[in-house]
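Given next are the chains, with one letter for each unit.
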Amino acid sequence: MTELPTRIRTKAEEALETHFSALPADDPMRAVRESAFDVFRSNGLPHRRVEEWKYTDLRALVSDVPPPAKPAPSAAARDALQRADVFAPLKPARVVFVNGTFVPPLSDLEGVTDDIDFASLGRFIADGGASLEGALDPAEAPILALNTAFVSDGAVLRIRDGATPTRPIEIVNVFAGVMPALQTLRHQIAVGAGAKATIFMTFAGPDGVAYQTNAVTELEIAAGAEVQLVTAQEEGDKAIHLGLLLPRLAAEVKFEPFVYAAGGLVARSEIRMTFEDEGSDVGLRGVTIGRDKQHLDTTLVVTHAAPRCGGHEYFKAAMDGQSQGVFQGKIVVDPGAQKTDSKMMSRALLLSESAEFSNKPELEIFADDVVCGHGATSGRIDEQMLFFLRSRGIEKSEAERMLVLAFLAEAVEMIGDEAVVAALEARVRRRLGMEVETL
Amino acid sequence: MLEIKDLCAEVDGQKILNGIDLTVNDGEVHAIMGPNGSGKSTLSYVLAGKDEYEVTGGEVLLDGENLLEMSPDERAVAGVFLAFQYPVEIPGVGTMTFLRTALNAQRKARGEAELTTPDFMKIVKEASAKLQITQDMLRRPLNVGFSGGEKKRNEIFQMALLEPTLCVMDETDSGLDIDALRIVADGVNALRGPKRSFLVITHYQRLLNYIVPDFVHVMSKGRIVRSGGKELALELEERGYADYTSEAA
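Residues numbered from 1 in each chain as written. Chains lettered and ligands numbered in written order. Predicted model: local features only at pLDDT ≥ 70, side-chain atom pairs only at ≥ 80, totals over all residues. Heavy atoms only, no water.

A. Highlighting the overall build of chain B. Secondary structure summary: chain B contains 10 helices and 12 strands in total. Compactness check: chain B gives a C-alpha radius of gyration of 18 Å against a globular reference of 18 Å for 249 residues, within 12% of the reference. For the C-alpha atoms alone, the extent of chain B along its principal axes is close to 55 × 40 × 35 Å. In chain B, buried positions account for 55% of the 249 residues. When contacts within chain B are restricted to residue pairs at least 6 apart in sequence, those whose partners lie at least 24 apart make up 69%. Summed over its atoms, the accessible surface of chain B is roughly 10900 Å², and 48% of this surface lies on carbon and sulfur atoms. Between the averaged position of the 27 positive side-chain charges in chain B and that of its 38 negative side-chain charges there is a distance of 5 Å. (Helix = DSSP H or I, 4+ residues; strand = E, 2+ residues; numbered from the N terminus. Rg over C-alpha atoms; globule rule 2.2 N^0.38 Å. Buried < 20%, exposed > 50% of the residue type's maximum accessible area, 1.4 Å probe, protein only. Contact = heavy atoms within 4.5 Å. Areas by Shrake-Rupley, 256 points an atom, 1.4 Å probe, with all protein chains shown as cover. Lys, Arg positive; Asp, Glu negative; His and termini not counted. Charge placed at Lys NZ, Arg CZ, Asp CG, Glu CD.)

B. Spotlight on the interface of chain B and chain A. Contacts between chain B and chain A engage 32 residues on the former and 17 residues on the latter. Interface of chain B and chain A: buried area, both sides summed, is about 2100 Å²; carbon and sulfur atoms make up 70% of it. Where chain B packs against chain A, one counts two salt bridges. We note a salt bridge from Glu 155 of chain B to Arg 392 of chain A, for which the minimum N-O separation is 2.9 Å. On inspection of chain B and its partner chain A, the count reaches six residue pairs in polar contact (both at pLDDT 80 or more). Classifying every residue of the side of chain B that touches chain A gives 18 nonpolar, eight polar and six charged. (Buried area = accessible area lost by both parts, 1.4 Å probe. Salt bridge = Lys/Arg side-chain N within 4 Å of Asp/Glu carboxyl O. Polar contact = N/O pair within 3.5 Å; in protein donor to acceptor, adjacent residues only side chain to side chain. Nonpolar A, V, L, I, M, F, W, Y, C, P; charged D, E, K, R; others polar.)

C. Broad picture of the layout of surface pockets. Residues and elements named next belong to chain A. If you add up the space inside the second largest pocket, you get close to 550 Å³. Forming the boundary of the second largest pocket are 28 residues, of which Leu 351, Ile 381, Leu 386, Lys 396 and Glu 400 lie nearest the centre. Of all the secondary-structure elements, those providing two or more residues to the lining of the second largest pocket are strand S13 (281-290), strand S15 (310-319), helix H7 (383-391), helix H8 (396-412) and helix H9 (418-432). Counted by class, the lining of the second largest pocket contains 11 nonpolar, five polar and 12 charged residues. (1 Å grid on protein atoms, 1.4 Å probe; cavity = no way out; pocket = protein on both sides within 12 Å on 5 of 7 lines; lining within 4 Å. Points joined across faces, edges and corners; volume = space filled by probe spheres on them.)

D. Highlighting the confidence of the model for chain B. Averaged over chain B, the pLDDT score is 93; the fraction of residues at 70 or greater is 98%. Interface scoring of the predicted complex returns ipTM 0.95; its pTM is 0.93. (pLDDT = per-residue confidence, 0-100.)

E. Region of the structure containing the state of the cysteines. Residues and elements named next belong to chain A. One pass over the full model with this rule turns up zero disulfides over all chains. Sulfur of Cys 372: no disulfide; nearest cysteine sulfur belongs to Cys 309 and is 12 Å away. On the basis of relative accessibility, which here comes to 22%, the residue Cys 372 falls in the partly exposed class. (Disulfide = S-S within 2.5 Å.)

F. Quick look at the sheet that holds strand S17 (residues 341-350) of chain A. Residues and elements named next belong to chain A. Strand order in the open sheet made by the 10 strands is S2-S1-S5-S7-S9-S11-S13-S15-S17-S19, with mixed pairing throughout. The outermost strands of the open sheet, each flanked by one partner alone, are strand S2 (101-102) and strand S19 (371-379). Pairing of S13 with S15 involves 10 bridges; the strand directions are parallel. Bridge pairing in S15 links Gly 290 to Met 319. (Pairing = 2+ DSSP bridges.)

As structure tokens, then:
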């Protein structure tokens, strides 16, 4: 083994080293894990001198890493699940993971069993057949390296060719317990040709517990499929959430991913998407709500590796207290990806003197017949609008909440599915401290 | 009843109001006219409580209470309504939602019961018909896509719903054609009553043919330089403001 340059390891990095060596030596996936952990070992936790992590320096933000989580007792699991009710009005089919382990008694796939195939990754890990490599080079994504090293379970979900499940399918990831622990999940979703599906990805956990979530979702969408993927990240207020979504799109795909990020003390939602074939269209959107001392990062890398695809990204954030928001949006257009239409917009509202937002748009364009654009704004609540509402008798903080809701709702309302819009808007209202309205 | 005594105000360090004295009794309609820059709009903003305007002297009493100490929303609850010259558009805030929130916020602050949805819808239906505010307009976000005339009608519509006791109308007639003017004037006249007073700020005499004032005041350089009955408006129409613009501040 090559001599690695000596570098002072942080407490968190030492902890990861300790936890890794405590993993079972007889694990059939051990070699794959070693290889991934080696990558992590040589780079350490990403820090501000790594371009993609300059605004989210994990060496500074993560002071320690707790040991891998143990399965939760069923009563605690059931309790924890109550928090993950954002999509309840839509009555989705659910596969439930608690502390990184699949819990069949809490799951429900009734009515969709003819449309999908599901197995838990844990089963494949146990017999050494889990396919953890090949999605992406772990050197390119620290979240992935750690995920491969520690993953315990996940959803292996296939939506069959031509299927149109009558219920949305929700993958629920909850943490249960009062002791900090690390849960690591890998979800592998394949949507068959011509299928039409709505998938929810939910994260929830208790406040006051410094647990950590590492969740990687590989998503392959075959030709002509239509997929709506809505993520609700509502981790507890002391949690660390590192999420990575890896969509790969075949030809003529319609894909609408939406990320609602409001939880965690430190959270990063990374999406690295590739258009692998022609004629696909993606509306990639999200809403972030920050308060207190939260650090919430959204990082996108959209690669057009094929011509004639359209990508429209629209992200809004409202940051209060001393929270910090980050939006990094990179669009890469490969040579030959002619007739690409790719636009990206990030808008942030700063609600307090100490709130911060960093916007980093990047365009790497190597084809010459394309339309690409980006925009980024950050600012305060419009004084004229605020004064108007107050002049009608609406008191200041209620007027501010109305304006923040209006600002964020614009992005939510771009979701085509009205029931999903209603569910998310209710959540946004609740998060802003407003009544959940019915008019 | 509104009592303004020696009111002075400035914005960005510039003196705009230089000692306004004015009393408006219940039920009265007062017109404020004057050339550009005389401080008419500033007076309306100071009464409504806009942040940027700093009161540097004098006092304003509404029914004996110190208005200047109240926040904009408190003033609304106390019965002040400002019909804006340039009503703002608020994307994402539905007109109906806004109306109900405002109405109930004021009722709650006064210790009155909030309106139920059916009662609210009933009031809205009546008031909107009178001002030709359509269902389509009500469904849209506040003022978004409204023409100038529609925005002004929407201001008077809000006035009708909120039932203020002091209505300050800041150049409501600007940008209105004759038909829109008539609708707005009818709306205002329907609200006239013994417990309600109006401060109608206008540039042109024309509006005052429809909303006939009890008193007319001329402002110049931040002061009221002449007061009279409704005939004063006609006199100004004939002679212009030249007689008053030379008045020293």
